[in-house]
Amino acid sequence: MSQSLDGQSILVTGASGGIGAAIVARLAAEGARPIIHYGRDRDRAEALLSRIGGRGWIVQADLSAPEGAFQLWQKTVGAAGRVHGLVNNAGIRTQISIEASPDDWKAAWQKEFQINFFAVADLCKEAIRHFMAHGGGRIVNMASRAGQRGYAADAMPYGASKAALVNLTKSIARSFGGDGVTAVAIAPGWVRTDMAEEFIATHGKAAAVADIPIGEMAAPEEVAELVAFVLRPSQASLNGATVDVNGGSYIR
């Protein structure tokens, strides 16, 4: 396997399970030293670090807190020193009806945007400054099919936050590409994670894949392989792209 990421320190948020854990495993397999961020589950983060042979670090931060992202970046630089890449993978999806009270409605939107967008913007700010001072770097923002085609009525904050993430990625690409900072968004549809398994348990697999032409969800490892590819130094011209991983369901 090509060691194109050999020696690179790459922060992955929300990395203790699901897509994040798959990304960490793939990056480590390609020679990188991942910085594994977790919010609450230290045991899973430590187990993941052990799985990759201890070649990395674990850092804790609460991205739902206003200062959480800045604290995470400080811990990351404190652990790794030079950081070469940032993968903003952490995210939540809450459900809120238009029939909800104004207070509940506002709280749902605020929480969703804090984790899915504001924390990402804060991390990107710090990463860009770090990359510009140290010879460049890569940012990968985990968006969603929902950010491009809209989303369900009871989860509009999720789709809106992911759409904002796509725009942020393009703005970074346009503004800082000349400084050696590249940014790419990856937009998965359904991925076979715990969230998907919960949906299948309630509604059945047929409902989950009904609008996916290939009839299957993406595996976390598929997304992880793409993240590693995007982070390669040879892929600078992907700067500003949004890469769809949805089995053709974007058009439906």
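Anything mentioned here points back to the structure above.
A brief structural summary. (Residues numbered from 1 in each chain as written. Predicted model: local features only at pLDDT ≥ 70, side-chain atom pairs only at ≥ 80, totals over all residues. Heavy atoms only, no water.)

1. Structural notes on the sheet that holds strand 5 (residues 137-142)
Strand pairs in the sheet, formed through backbone hydrogen bonds, run parallel or antiparallel to each other.
No. 1: The strand order 3-2-1-4-5-6-7 describes an open sheet built from 7 strands, whose pairing is parallel. Both edges of this open sheet fall to strand 3 (57-60) and strand 7 (242-245), since each of them pairs with a single strand only. Direction aside, neighbouring strands of the sheet carry axes that sit 20 degrees apart on average.
No. 2: Pairing of strand 6 (residues 181-188) with strand 7 involves 4 bridges; the strand directions are parallel. Across the sheet, the residue bridging to Ala185 is Thr242, located in strand 7. (Pairing = 2+ DSSP bridges. Helix = DSSP H or I, 4+ residues; strand = E, 2+ residues; numbered from the N terminus. Axes fitted to C-alpha atoms, helices over the stretch in contact; angles between N-to-C directions.)

2. Looking at the packing of aromatic side chains
No. 1: In total, this model carries 5 aromatic pairs according to the counting rule given.
No. 2: Pairing Phe113 with Phe118 gives two aromatic rings, centres 6.0 Å apart and planes at 50 degrees, and the pair type is tilted.
No. 3: An aromatic cluster of at least three residues, connected via ring pairs, comprises Trp105, Trp109, Phe113, Phe117 and Phe118. (Phe/Tyr/Trp six-rings, centres within 6.5 Å; stacked < 30°, edge-to-face > 60°.)

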